[in-house]
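Residues per chain are reported as follows:
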Amino acid sequence: MKAIRRFTVRPVLPEPLRPLGDLARNLRWSWHTETQELFRSVDPEGWQAVAGDPVRLLGEVSAARMAELTRDRRFLRRLAAAADDLDDYLGGRRWYQSAGAGEDPSRFPAAIAYFSPEFGVTAALPQYSGGLGILAGDHLKAASDLGVPLIGVGLLYRHGYFRQSLSRDGWQQEHYPVLDPNELPVSLLREQDGTPARVTLTLPASRLLHAHIWIARVGRVPLLMLDSDVEGNTPAARDVTDRLYGGGSEHRLLQEMLLGIGGVRAVRAYCRITGHAEPEVFHTNEGHAGFLGLERIRELGEAPGLGFDAALEAVRAGTVFTTHTPVPAGIDRFDRDLVARHFADGAELPGVPVDRVLQLGAESYPGGEAGVFNMAVMGLRLAQRANGVSELHGAVSRDMFAGLWPGFDAADVPITSVTNGVHAPTWMAPEVFRLGARQIGAGRAEDALSVGGSSRWDAVAEIPDADIWELRRSLREQLVDEVRQRLRASWRQRGAGEAELGWIDGVLDPDVLTIGFARRVPSYKRLTLMLRDRQRLTELLLHPTHPIQIVVAGKAHPADDGGKRLVRELVRFADDPRVRHRIVFLPDYGMAMAKKLYPGCDVWLNNPLRPLEACGTSGMKAALNGSLNLSVLDGWWDEWFEPDYGWAIPTADGAATDEDRRDDLEAAALYSLIEDRVAPRFYDKGAGGLPDRWIEMVRRTLSTLGPKVLAGRMVREYVERLYVPAAGAHRALDASAAEALAEWKARVRAGWPRVAVEHVEAVDQDAGAGGAATAGLGSTLILRVQATLGDLGPDDVEVQAVAGRVDSDDAIRDGRTFPLKPAGGPDLDGRWTYEGPLALDRTGPFGYTVRVLPAHRLVPAGADMGLVALPAEAPDGVGPKAGVLLR
């Protein structure tokens, strides 16, 4: 019989075991090996049955076993030590407190709110789909390790993301298990009287959307997760948080309104109830949470009563926006009328003009669509600071969004980059950690992984080759066992009987070079590039002396039939009896699988279309375990690749190469690399019977690349380069300053059409006015510029020279800027003269130009307003082009 209602009965722990509950409810256990081992010892078989989830474990341990543990003095000592260690971790001073105390602690923000649509903290809290969520989870964990006062904000999806299985013919199947929050490591935020705290949004036709706030404790960081499945909501409203990235356009819009607007309200409720410091900085992780800026504008409109423009400036000052997509197709875009309906009179955000809301998301640039509301565009307009997630992605983002800053070269677009990192205590295998701890001690090893700061881990050089090789084989052997278990379970789900699965016992070999490929399956990641020449791949898999084996995993989006076809194509190849012992596809890729996959692979393969991989952190996780990368130069690998760490797959870039030809060329390059360089190096044994050159690459990967890929390094960069400046800008922009800045910007915009560069000349100090054409290395030119400022004055602008090498089209490359100063007052025609020196410090084609930009002490970037005045170009045939020197 089927139950008509389901609920969870929480266990009541005996008094001596009460600390187990505190340990289970703080997700630090998910990256703290000693705490995991403590829970494993409670019930080893039960721990495996619940997939390492301590909350579920405690709900299933028998009363007899609990009573036995209360009498086990050794266990109680371990429990007390683990509880003390957690207390020390939660309350002790860490990097953030020490760094602030070392100079001016007041410049560090009191708190930062970090918004993301998904968080991959642990498999026990399945609220993630892929890289964006895993990155967000690692960001929280690293912030906790560093002591950064972060508040995470997301949604609690009752179905999470889908579970993946395969049909008999290899077609992806999706399943959405129901998640009961009472069975998850979360607790409900409650008011002082014990009632659940809630936030409410107003929808069109005066409908209401209510949400409860669940809290996950990620070490020191609270993660607030909004849940619309609450009494008082209509069935449609209850389903707003039903699943991650599900539903149609309006459903997604409501999710993002709840995340952004409701998320700010949840933060306010949490700080009011707990006394936590209010955030000074709001970090929007991708455009999904962009509506948070609108809610903060509404707040400032109510108190202290700022107008829209002034509130916008105050909000922008303390907002950081991170973009993760390198293609416009990856951005959430909504129909303009749909957004207008949800922000019109009688709906959400009263007092915020709907036309101003629509302007923020408008694609008002060449190539944009008039009827579209773009969430990333709104995110950029609501943030004073923005970044991509690798150096290459930063450049791609500047080019992609350059239309928002007309008149500026892409290099001047104010989008910087902070290269992603991964949380080493989560992703490094315990065996790898223990090998390092043996050299420098557990405490120093833990600090090196969580806090970072060193550019090299030189202690790795002292680890004997034999120990490194034995470690790599042990991890490979663990992966082989894991693969066989998962493969057997998958085939049983596909309808196979046990009698026909004997071959699985021979799948993979712990002594064969193992290549891993696991990620989401959009077309640009090219899951099936390895299949372009199946005969050649088969020969590599079955090579008599240098065989390879490949482990593949990945999920296609439920609505992406193209991605599902790629999965089926790969599965069908892997089902072939000739090669199925050498290549496998594992369904239901997630954090639990990944923790075995990254350490167990010798080589991590990544072959996206360049430059469509924003960062690609899976290769970082593999590197932390001594796996070598074999990748296209994209994302982080483009930035940090060296032959010491792995191999770069050549790419066939260029518009002249069609897609099929490009894939053929790059697949052939991949096969050649594996056959000629990767496999021979793995199997090339030295005099001592070890692959010395391979081991040296592993050693260099761990010692030199390891410190770079840390999430601790990433979060420290966010603090120092983005959070601290944003906090300073937020504090500087009180109500009166915000009003003054808004008025100044309005005045500058109104007056800018009359700003012009009238005349530019360069004078060689030694050769006179004609010296510009013959000036030599080491000379100094005096630039003299006449500019009309209209109703503006010198205090409103900055006049700059931009100089550097020029290409064949006279475009300045790698230019440097030099400020020019006013030389006296305006002439009778109202023109101002600016002057300044320009040193000629390089030979070859060299050029300069000048420009006028708005300038204000509270505006951090010259391109911030998207306004620039440039010299008029000389007509063709009328003398040399202005500004071109030293041809």
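First, a word on scope: everything that follows refers to the structure included in this document. (Residues numbered from 1 in each chain as written. Predicted model: local features only at pLDDT ≥ 70, side-chain atom pairs only at ≥ 80, totals over all residues. Heavy atoms only, no water.)

## Side note on the packing of aromatic side chains
This structure, assessed with the given rule, holds 21 aromatic pairs. Ring plane angle 90 degrees and centroid distance 5.8 Å describe the contact between Trp 491 and Trp 503, whose orientation is recorded as edge-to-face. Separated by 12 residues along the polypeptide, Trp 491 in helix 20 (residues 465-493) and Trp 503 in the loop between helix 20 and strand 15 (513-518) bring together distant segments of the chain. Note on accessibility: Trp 491 and Trp 503 belong to one class, buried. (Phe/Tyr/Trp six-rings, centres within 6.5 Å; stacked < 30°, edge-to-face > 60°. Helix = DSSP H or I, 4+ residues; strand = E, 2+ residues; numbered from the N terminus. Buried < 20%, exposed > 50% of the residue type's maximum accessible area, 1.4 Å probe, protein only.)

## Digging into the pattern of salt bridges
Per the stated rule, a full pass over the model turns up 67 salt bridges. Its salt-bridge partner being Asp 465, residue Arg 699 comes within 2.1 Å of it at the nearest N-O pair. Taken together, the positions of Arg 699 in helix 27 (residues 692-705) and Asp 465 in helix 20 put the pair 234 residues apart, joining distant regions of the chain. Residue Arg 699 is classed as buried on the basis of its relative accessible area, which comes to 8%. Note that Asp 796 is salt-bridged to Arg 747, the shortest N-O span being 3.0 Å. Here Arg 747 lies in helix 29 (residues 735-751) and Asp 796 lies in the loop between strand 22 (780-788) and strand 23 (797-806), a separation of 49 residues in the sequence. (Salt bridge = Lys/Arg side-chain N within 4 Å of Asp/Glu carboxyl O.)

## Regarding the side chain of Ser 631
Within the secondary structure layout, Ser 631 lies in strand 19 (residues 628-632). By relative accessible area, which is 3% here, Ser 631 ends up buried. Beyond its immediate stretch of four places on either side in the chain, Ser 631 contacts Asn 606, Trp 637, Trp 647, Ala 648 and Ile 649. (Contact = heavy atoms within 4.5 Å.)

## Observations regarding unusual backbone geometry
A cis amide bond links Ala 303 to the next residue, Pro 304, at an omega of 15 degrees. Within the secondary structure, Pro 304 is located in the loop between helix 11 (292-302) and helix 12 (308-317). Of the consecutive residues Arg 610 and Pro 611, the connecting peptide bond is found in the cis state with omega at 5 degrees. In this structure, Pro 611 sits in the loop between strand 18 (603-606) and helix 24 (618-623). For Ala 51, which is not a glycine, the phi torsion comes out positive at approximately 55 degrees. Locating Ala 51 in the fold gives a position in the loop between helix 3 (44-49) and helix 4 (54-60).

## Re the pairing of strand 23
Counted residue by residue, strand 23 has 8 buried out of 10 residues, so it is predominantly covered. Of the strand pairs in this sheet, strand 23 and strand 26 (residues 846-854) are connected by 9 bridges, and their pairing is antiparallel. Bridge pairing in strand 26 places Val 797 opposite Pro 854. Note that strand 23 and strand 24 (residues 812-822) share 7 bridges and pair antiparallel. What sits directly across from Arg 805, in strand 24, is Arg 813. What sits between strand 23 and strand 24 in their antiparallel hairpin is a turn of 5 residues, with Asp 810 showing a positive phi close to 65 degrees. (Pairing = 2+ DSSP bridges.)

## Some details on the nonpolar core
In a soluble, globular protein the nonpolar side chains are often hidden away together inside. Judged by nonpolar contacts, the single largest core of 104 residues is most densely connected at Leu 513, Met 530, Ile 548, Ile 550, Leu 630, Trp 647 and Trp 694. Here Leu 630 is in contact with Val 603, Trp 604, Leu 605, Asn 606, Trp 647, Ile 649, Leu 670, Leu 673 and Ile 674, once residues within four sequence places are set aside. In terms of nonpolar packing, the next biggest core, distinct from the first, is built from 101 residues, Val 153, Leu 155, Leu 253 and Leu 838 among them. (Core = buried A, V, L, I, M, F, W, Y, C linked by side-chain atoms within 4.5 Å.)

## Thoughts on helix 28 (residues 711-732)
A rise of 1.5 Å per residue sets the reference length of helix 28, with its 22 residues, at 32 Å; its end C-alpha atoms lie 30 Å apart and thus fit the reference within 8%. Of all the bends in helix 28, the greatest measures close to 40 degrees and is centred on Val 719. (Expected span 1.5 Å × (residues − 1). Bend = angle between axes of the 7 residues up to and from the residue.)

## Observations regarding the sheet that holds strand 20 (residues 646-649)
Read from one edge of the open sheet, 6 strands run 17-16-15-18-19-20, paired in parallel fashion. Either end of the sheet is taken by a strand with one partner, and the two such strands are strand 17 (583-586) and strand 20. If you compare each strand with its neighbour and ignore which way they point, the axes differ by 20 degrees on average. Two elements, strand 16 (residues 548-553) and strand 17, share 4 bridges in a ladder whose sense is parallel. For Ile 550, the partnering residue across the bridge sits in strand 17 and is Ile 583. Docked against the sheet, helix 26 (residues 659-683) engages strand 15, strand 16, strand 18, strand 19 and strand 20, running at close to 165 degrees with respect to strand 20. This element, helix 27, spans strand 15, strand 18, strand 19 and strand 20 of the sheet and lies at about 80 degrees to strand 19. (Axes fitted to C-alpha atoms, helices over the stretch in contact; angles between N-to-C directions.)

## Some thoughts on the side chain of His 288
Along the polypeptide, His 288 turns up in the loop between strand 9 (281-285) and helix 11. For His 288, a relative accessible area of 9% gives the class buried. Within polar-contact distance, the side chain of His 288 engages the side chain of Asp 332 at 2.9 Å. Excluding residues within four positions of it along the chain, His 288 makes contact with Pro 117, Leu 132, Tyr 245, Arg 252, Glu 256, Leu 259, Asp 332 and Met 375. (Polar contact = N/O pair within 3.5 Å; in protein donor to acceptor, adjacent residues only side chain to side chain.)

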